[in-house]
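Each chain, letter by letter, is given below.
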Amino acid sequence: MMAQPPAKSVAVIGAGAAGAVTAAALLSEAAFEIIRVFERRETPGGTWIYDPDPGENVTLKPGKLPLEIDPPLQLPSHLPVDTPPTTQHRWSKTPIYSELTTNVPDIAMSFSDDRFAYGPFVPHWVAKQYIQDYFARHQTDKLLSLETTVEDVSKIFSKQNGSRERWRLTLRRFDAVRHVDVWWQEDFDAVIIANGHYSVPYIPEVKGLEDFLAAFPDRVSHSKSYRVSSLYANKRVVVVGNSASGHDITTQLVQSGLTQAPVYQSRRSRSRWDGDHPPNGVEWKPTIVEYRTSTNEIVFDDGTVLNDVDAVIYCTGYKPSFPFWNSKANGGPIFDYRENRILGSYQHTFLQKYPYSIAIVGLPRVLTFRSFEYQAVAIARLFSGRSSKPLPSISEMREWEKDRAGLVKRERRKFHDIQWENGETMEWLSFLYELAGLPKLEGEGRYPPVLDEKTRWAIKHVRKYPEPGNKESEDNEGWVLVNKEETRKDILHFI
Ligand SMILES: Cc1cc2nc3c(=O)[nH]c(=O)nc-3n(C[C@H](O)[C@H](O)[C@H](O)COP(=O)(O)OP(=O)(O)OC[C@H]3O[C@@H](n4cnc5c(N)ncnc54)[C@H](O)[C@@H]3O)c2cc1C
Ligand SMILES: NC(=O)c1ccc[n+]([C@@H]2O[C@H](COP(=O)([O-])OP(=O)(O)OC[C@H]3O[C@@H](n4cnc5c(N)ncnc54)[C@H](OP(=O)(O)O)[C@@H]3O)[C@@H](O)[C@H]2O)c1
């Protein structure tokens, strides 16, 4: 596909791990006149900022999607302007809980140019400190605009710049000194979306749940607001979900010894951590099919009923949200919630409609920080006009999307879940690696990293939790070494 003239100004939305490495890759090109990183929180760190207070108890809305529960803010009619601070809930607090440690070995989780302070699995504050240091180490902290939410991204055209589309960002900064929202706009050649996708919680629709929530507002919560096990002392608890949050929170409740035994865990599917029997202190249940408010009962898919449950913690995940994406100005929505995927995407990173001016870092479920690095380097090279090659034609990009959609449908997988064991991760990283090309002889730019033998070995063999059936597992200071190849969910299914 014909490349557009290189971008001169770039905005990055978000200063989590994805924003951190994106800013570093952009700055290392020394090709952009303006790089701005907008972050709605008071500090970089993204998911890894720990909020001891999960914030107001927002009423959970079963089955509701971000379009309804995280809608765009009403923009002021003229700008710039100061307004009273918005009172709309924006989901900006994080889901990190007190005892959370990482679940990907540090050699594979950290960026290639800097390791975590230690490993393999570290408390959440080590990851947060790492991201904050990363901004300082690369001097990209000076690009940050904190407490600044990108409220609108709209396509505009600039006469000075030929037919290249440009992007107008409407920005809102909370000024804590004057206690006002300060609104203004800035225009950019390109925008990189690194806004994370674990902010807006999802809970499923279940018969009777709405009434149950209304009758017992504090009884049902989402893992996003879970902080400490002590809050559940003497309580009869049901945990719903069997991925990382469901497994970890169930384990913490049991290990605390404070919660009424057993802790009930409602599972829709098996995880790799499940043996043939539940661990001590846990009773497995199937999915919940009904809440009966009048009798205070919860009914499960196998017909069993639990009475007088004190707490239900939904660990049913999150939905990506793009309230700033102006569908009207930009020719349609960016995300399809029925299919759970970006609309018109290419390689989980680019938009077919705007391949040289919009990119997304961090959306697929795959190795986290390290994959963000491959995406960031490829995007920085492409947007600076220095990639090894252009992107393919629109029809080839469409073909990629169609093939991917067909594949995941056949295999009953999610579009943006990139697996490790079937080689997809290496294939995808190779694409980004090859697109990036070499830095300039003079030194500007950044190499995409190698994913060496040691790192690949750690991904395969070093786990936070034992996997029953792996007879060769051995205990190693709180983590586990596994040797046997697995055939159940993908090795990195929990990421
Ligand atoms: C509970 C939990 C535990 C996890 N544990 C692990 C783990 O152990 N290992 C692992 O590899 N991964 C883990 N993850 C995944 C984790 O999300 C990634 O590791 C990584 O931090 C994601 O980085 P990100 O930058 O893409 O998103 P985020 O960290 O979410 O950062 C996005 C940033 O964008 C900001 N933002 C959003 N919208 C706007 C806007 N409109 N304007 C301005 N700023 C905006 C947000 O405030 C945020 O700071 C975990 C996730 C959760 C929820
Ligand atoms: N570092 C850590 O230890 C740690 C701890 C917590 C979370 N995390 C991270 O946080 C992120 C989010 O993880 P998560 O566990 O919160 O979300 P998740 O991985 O998306 O898992 C959601 C869970 O909810 C279940 N579910 C979804 N819809 C359901 C429904 N209608 N009925 C019943 N069950 C339903 C899913 O079941 P199916 O599997 O059947 O779809 C799955 O078990 C991941 O990146 C994860 O690695 C990490």
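- Going by the annotation in an unreviewed UniProt entry, the name recorded for the chain is Putative dimethylaniline monooxygenase, with Aaosphaeria arxii CBS 175.79 given as the source organism.
- Under the Sequence similarities (unreviewed entry) heading, UniProt states for the chain: "Belongs to the FMO family."
- The Cofactor (unreviewed entry) field of the UniProt record for the chain holds the comment "FAD".

**Describing helix H6 (residues 244-256)**
Stage number 1. The terminal C-alpha atoms of H6, which comprises 13 residues, lie 18 Å apart, in line with the 18 Å expected from a rise of 1.5 Å per residue.
Stage number 2. Counting buried residues in H6 gives 11 out of 13 residues, a clear majority hidden from the surface.
Stage number 3. Inspection of H6 places Ala 244, Ser 245, Gly 246, His 247, Asp 248, Ile 249, Thr 250, Thr 251, Gln 252, Leu 253 and Val 254 among the buried residues, and these make up the whole buried set.
Stage number 4. At its buried positions, H6 is contacted by strand E11 (237-240), strand E12 (263-266), strand E13 (282-285) and strand E17 (311-314).
Stage number 5. With its phi angle positive at about 70°, Gly 257 sits one or two positions after the end of H6.

**Details of the nonpolar core**
Stage number 1. Grouped together as the largest cluster of nonpolar side chains are 113 residues, with contacts concentrated most on Val 10, Val 21, Val 191, Ile 192 and Ile 313.
Stage number 2. Considering each element in turn, this core owes the most residues, 10 residues, to helix H7 (residues 369-383).
Stage number 3. Among the domains, domain 1 (9-200 + 319-436) and domain 2 (205-316) are the pair contributing at least three residues each to this core.
Stage number 4. Leave out the neighbours within four places in its chain, and Ile 192 touches Val 10, Val 12, Thr 22, Ala 359, Val 361 and Ile 379.

**A look at the site of ligand 1**
Stage number 1. What surrounds ligand 1 is a group of 32 residues, the closest being Gly 14, Gly 16, Gly 46, Gly 196 and Gly 362.
Stage number 2. Among the elements of the structure, helix H1 (17-29) and strand E5 (148-157) are those that each provide at least two residues to the shell around ligand 1.
Stage number 3. Per-element tally for the shell around ligand 1: the top contributor is H1, with 3 residues.
Stage number 4. Counted by class, the shell around ligand 1 contains 16 nonpolar, 13 polar and 3 charged residues.

**Quick notes on the sheet that holds E11**
Stage number 1. Spatial strand order, E10-E17-E11-E12-E13: 5 strands in an open sheet with parallel pairing. Each edge of the sheet is formed by a strand with only one pairing partner; in this case those strands are strand E10 (220-222) and E13. Adjacent strand axes in the sheet meet at a mean angle of 25°, parallel and antiparallel pairs treated alike.

Here is what the cut-offs are and how they apply
Residues numbered from 1 in each chain as written. Chains lettered and ligands numbered in written order. Predicted model: local features only at pLDDT ≥ 70, side-chain atom pairs only at ≥ 80, totals over all residues. UniProt positions renumbered as here; feature names shortened; annotations may be inferred. Helix = DSSP H or I, 4+ residues; strand = E, 2+ residues; numbered from the N terminus. Expected span 1.5 Å × (residues − 1). Buried ≥ 20, exposed ≤ 12 C-beta atoms within 10 Å, placed from the backbone. Contact = placed C-beta atoms within 7 Å. Core = buried A, V, L, I, M, F, W, Y, C linked by C-beta atoms within 7 Å. Domains from an automatic or database assignment. Near = placed C-beta within 6 Å. Nonpolar A, V, L, I, M, F, W, Y, C, P; charged D, E, K, R; others polar. Pairing = 2+ DSSP bridges. Axes fitted to C-alpha atoms, helices over the stretch in contact; angles between N-to-C directions.

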